[in-house]
Amino acid sequence: MKSDAEQAWLPDLLFAGSSFQPDLALVCDSSGRIVRLAARSEVNNPIRLPNRALLPGLVNAHSHAFQRLIRGRTEYRTTNTTDSFWTWRELMYRAANQLTPEDIYIASRMAFLEMALTGITAVGEFHYLPHSPGGVAYDDPNLLAKEVVRAARDVGIRIALLRVAYARAGYETEPNPLQIRFIESSPDVYLKNVEQLQIDMAETDGMAWVGIAPHSVRAVPLNYLKTAIGFGNERRLPVHMHVAEQNAEVSACIKEYGRSPVSLLATEGLLSERFTAVHAIYVTPKAIATMAQARASICACPTTERNLGDGIVRIDNYFNRGVSVSLGTDSQVQIDLLEDARELEYHLRLQRTERSVLAKANDQDPSALARRLFDCATINGAESIGFAGGKLEPGLAADFFTIDLNDTSLAGSSKVDLLASTVFSLSRTAVRDVVVAGKRIVENGRHADQVEIVESFKILQKKLWG
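Residues numbered from 1 in each chain as written. Predicted model: local features only at pLDDT ≥ 70, side-chain atom pairs only at ≥ 80, totals over all residues. Heavy atoms only, no water.

### Here we look at the overall build of the protein chain
Each helix and strand counted, the protein chain has 15 helices and 17 strands in total. Among the 466 residues that make up the protein chain, the fraction classed as buried is 58%. Put simply, of all contacts in the protein chain between residues at least 6 apart along the chain, 73% involve residues at least 24 apart. Working note: accessible area of the protein chain is about 18,700 Å², and carbon and sulfur atoms make up 48% of it. Placing the 50 positive and 55 negative side-chain charges of the protein chain at their respective mean positions leaves the two points 2 Å apart. (Helix = DSSP H or I, 4+ residues; strand = E, 2+ residues; numbered from the N terminus. Buried < 20%, exposed > 50% of the residue type's maximum accessible area, 1.4 Å probe, protein only. Contact = heavy atoms within 4.5 Å. Areas by Shrake-Rupley, 256 points an atom, 1.4 Å probe, with all protein chains shown as cover. Lys, Arg positive; Asp, Glu negative; His and termini not counted. Charge placed at Lys NZ, Arg CZ, Asp CG, Glu CD.)

Put into structure tokens, the structure is as follows:
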């Protein structure tokens, strides 16, 4: 029986289970949860979405929102020698050290707006700016984290605030004055602040929650790592960490501990089903097997990884071992999670000079590879950030987006090949509606606050860069 508080959404096609279905409506309740998927004939007064297909919201598992400010501002050679992640990092640090709390809110809101406009309904924000530019704690040590959460809530997307632990510049490395804003040298102070943030975010109606995020083995020594991850495991929080993004990181870890990063995490009992290794590029087959055994997952960020010259994640090796793979926009050089999904496959095609690398052997289903990649951008991302979502099922959040079937990037697609067209060819202009917790935050490709958010961001850019 229909409740007066229920609302039905009726597209031409709805992605249910593993395929697109016609004449099917999504019905949600006043709390923003899916009640059922119902036949067109079973719903009254639905919100009609003609010429549109409806899909589960995308989940961005790894973001540094403030880095949206430096898009296009690091694309030049900075030295007479090789440019790399390490030279880019110094430019990023300089930008980070200019930002006020309001600046971080404005920049984060812009990044989250762009995410919403591309179908992203939830984000894992890897937040490592706790202090003022001089390294002094604010009266509220979680002020900047709260500004990021405020930005996400004002845009209307969900956020897992993955609060970062950052203790040092690296093993046998002199302190970097540009990192002083990141440092919380005591694990006790870090966990006290995490606990308080959990308390302060308890009233967010499931729109925001906390996770643990030791930055990396170079930035967090072992005892601190064990304390922070142990806390996360006790509280059953998502645990994220940069792992083996650079060869130099692996070499430093071996020098300090006699083990690679994955081996260190495994032998110290720090891997679990709640652990997501971000990047995980420079790992051995044995390390991948170790992660699979621990049921840990990885988050690849292919757009950022190619922009920084990091390297190519061997997703085929992870898939072959059954390791779950999610996706992140990381540095925000481009915000398009479906582009990241297709890059998982395309990077390997270039490396191996063959097609359909990530397709299962002898699988003739034309949508099988697309489904595998789409799962990375939805179900796997949701699991990584500790959210029950990424699919359209009764009892789960009514988070979804629609695409225009008449968009030039999709025109002519049938329900059989629509998912493959979406994953491999969709233009961002095709995204028309975005709904989070049953509330439409993007309608006909526009957000209600879009003009003001963009104007505020433009003013901030002018202030920072002239």
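Following the structure, the description resumes.
### A few points about the pairing of strand 6 (residues 58–63)
Where burial is concerned, most of strand 6 is hidden: 6 out of the 6 residues are buried. Across 4 bridges, the pairing between strand 6 and strand 7 (residues 120–127) is parallel. Looking at strand 7, one finds that Leu-58 is bridged to Ile-120. (Pairing = 2+ DSSP bridges.)

### Considerations on the environment of Leu-54
Mapped onto the fold, Leu-54 is located in strand 5 (residues 47–56). Take Leu-54: its relative accessible area is 0%, and that puts it in the buried class. Those residues in contact with Leu-54, other than ones at most four positions away along the chain, are Trp-9, Pro-11, Leu-13, Leu-14, Phe-15, Phe-20, Leu-26, Leu-49, Leu-392, Phe-400, Phe-401 and Thr-402.

### Remarks on the pattern of salt bridges
Scanning the entire structure with this criterion turns up 34 salt bridges. Salt bridges sharing partners connect three or more residues here, namely Arg-52, Asp-433, Arg-440 and Glu-443. (Salt bridge = Lys/Arg side-chain N within 4 Å of Asp/Glu carboxyl O.)

### Quick look at the packing of helix 11 (residues 337–352) against helix 12 (residues 368–377)
Contact geometry for helix 11 and helix 12: axes closest at 9 Å, N-to-C directions at 130°. It follows that helix 11 is oblique to helix 12 by the angle criterion. Here helix 11 runs over helix 12; the crossing is right-handed. Only Leu-369, Leu-373, Phe-374, Cys-376 and Ala-377 of helix 12 make contact with helix 11, whose side of the interface consists of Leu-337, Leu-338, Ala-341, Arg-342, Leu-344, Glu-345 and Arg-349. (Axes fitted to C-alpha atoms, helices over the stretch in contact; angles between N-to-C directions. Parallel < 35°, antiparallel > 145°, perpendicular 65-115°, else oblique. Left-handed = near helix turned anticlockwise from the far one by under 90°.)

### Brief notes about helix 12
Burial within helix 12 is extensive, with 7 of its 10 residues counted as buried. Considered for burial, the residues of helix 12 that qualify are Ala-368, Leu-369, Ala-370, Leu-373, Phe-374, Cys-376 and Ala-377.

### Structural notes on the side chain of Glu-6
Inspection of the secondary structure puts Glu-6 in the segment before strand 1 (7–16). Here Arg-36 takes part through its side chain, which lies 3.1 Å from a polar atom of the side chain of Glu-6. (Polar contact = N/O pair within 3.5 Å; in protein donor to acceptor, adjacent residues only side chain to side chain.)

### Some remarks on the nonpolar core
The nonpolar side chains of a soluble globular protein tend to be buried with one another. In terms of nonpolar packing, the biggest core is built from 149 residues, with Phe-112, Phe-275, Ile-298, Ile-315 and Tyr-318 touching the most fellow members. Among the elements that line this core, the one with the most residues is helix 2 (residues 101–117), at 11 residues. Residues in contact with Ile-315, not counting those within four places in the same chain, are Ile-298, Ala-300, Val-325, Leu-344, Leu-348 and Leu-358. Counting 13 residues, the second-largest nonpolar core is a separate cluster that includes Leu-14, Leu-26, Ile-34 and Leu-392. (Core = buried A, V, L, I, M, F, W, Y, C linked by side-chain atoms within 4.5 Å.)

### As for the environment of Gly-32
Assignment of secondary structure puts Gly-32 in the loop between strand 3 (24–28) and strand 4 (34–39). As for Gly-32 and Glu-172, which are separated by 140 residues in sequence, their C-alpha atoms are 51 Å apart. When sequence neighbours within four positions are dropped, the list of residues in contact with Gly-32 reads Ala-397, Ala-398, Ala-437 and Gly-438.

### Re helix 6 (residues 247–257)
The complete set of buried residues in helix 6 reads Glu-249, Val-250, Cys-253 and Tyr-257. Seen from one end, helix 6 has its buried residues packed into an arc of 100°, which puts them on one side. Packing partners of the buried residues in helix 6 comprise helix 5 (222–235), strand 10 (239–243) and helix 7 (261–267). Immediately beyond the C-terminal end of helix 6, within one or two residues, lies Gly-258, with a positive phi of roughly 75°. (Arc of directions from axis to C-beta.)

### Details of the packing of aromatic side chains
Here the structure, examined in full by the defined rule, presents 13 aromatic pairs. Consider the rings of Phe-85 and Trp-86, whose centres lie 4.8 Å apart with planes at 85°: the pair is edge-to-face. Given a relative accessible area of 28%, Trp-86 falls into the partly exposed group. Measuring from centroid to centroid gives 5.0 Å for Tyr-128 and Phe-182, while their planes differ by 85°, and the two rings are edge-to-face. One end of the pair, Tyr-128, is in the loop between strand 7 and helix 3 (143–155); the other, Phe-182, is in the loop between strand 8 (158–165) and helix 4 (187–200), with 54 residues separating them in the sequence. By relative accessible area, Phe-182 is classed as buried at 1%. (Phe/Tyr/Trp six-rings, centres within 6.5 Å; stacked < 30°, edge-to-face > 60°.)

### Quick look at the state of the cysteines
Inspection of the entire model under this criterion finds 0 disulfides. Not part of a disulfide, Cys-253 finds its nearest cysteine sulfur in Cys-301, a span of 20 Å. (Disulfide = S-S within 2.5 Å.)

### As for the packing of helix 2 against helix 3
Contact geometry for helix 2 and helix 3: axes closest at 8 Å, N-to-C directions at 35°. Considering how the two elements wind past one another, helix 2 and helix 3 form a crossing that is right-handed. In this structure, helix 2 uses Pro-101, Glu-102, Ile-104, Tyr-105, Ser-108, Arg-109, Phe-112, Leu-113 and Ala-116 to contact helix 3, whose residues at the interface are Leu-143, Leu-144, Glu-147, Val-148, Arg-150, Ala-151, Ala-152, Asp-154 and Val-155. Considering only residue class, the contact of helix 2 with helix 3 consists of 12 nonpolar, 1 polar and 5 charged. (Nonpolar A, V, L, I, M, F, W, Y, C, P; charged D, E, K, R; others polar.)

The quantities given are spatial measurements derived from coordinates; they are silent on function.
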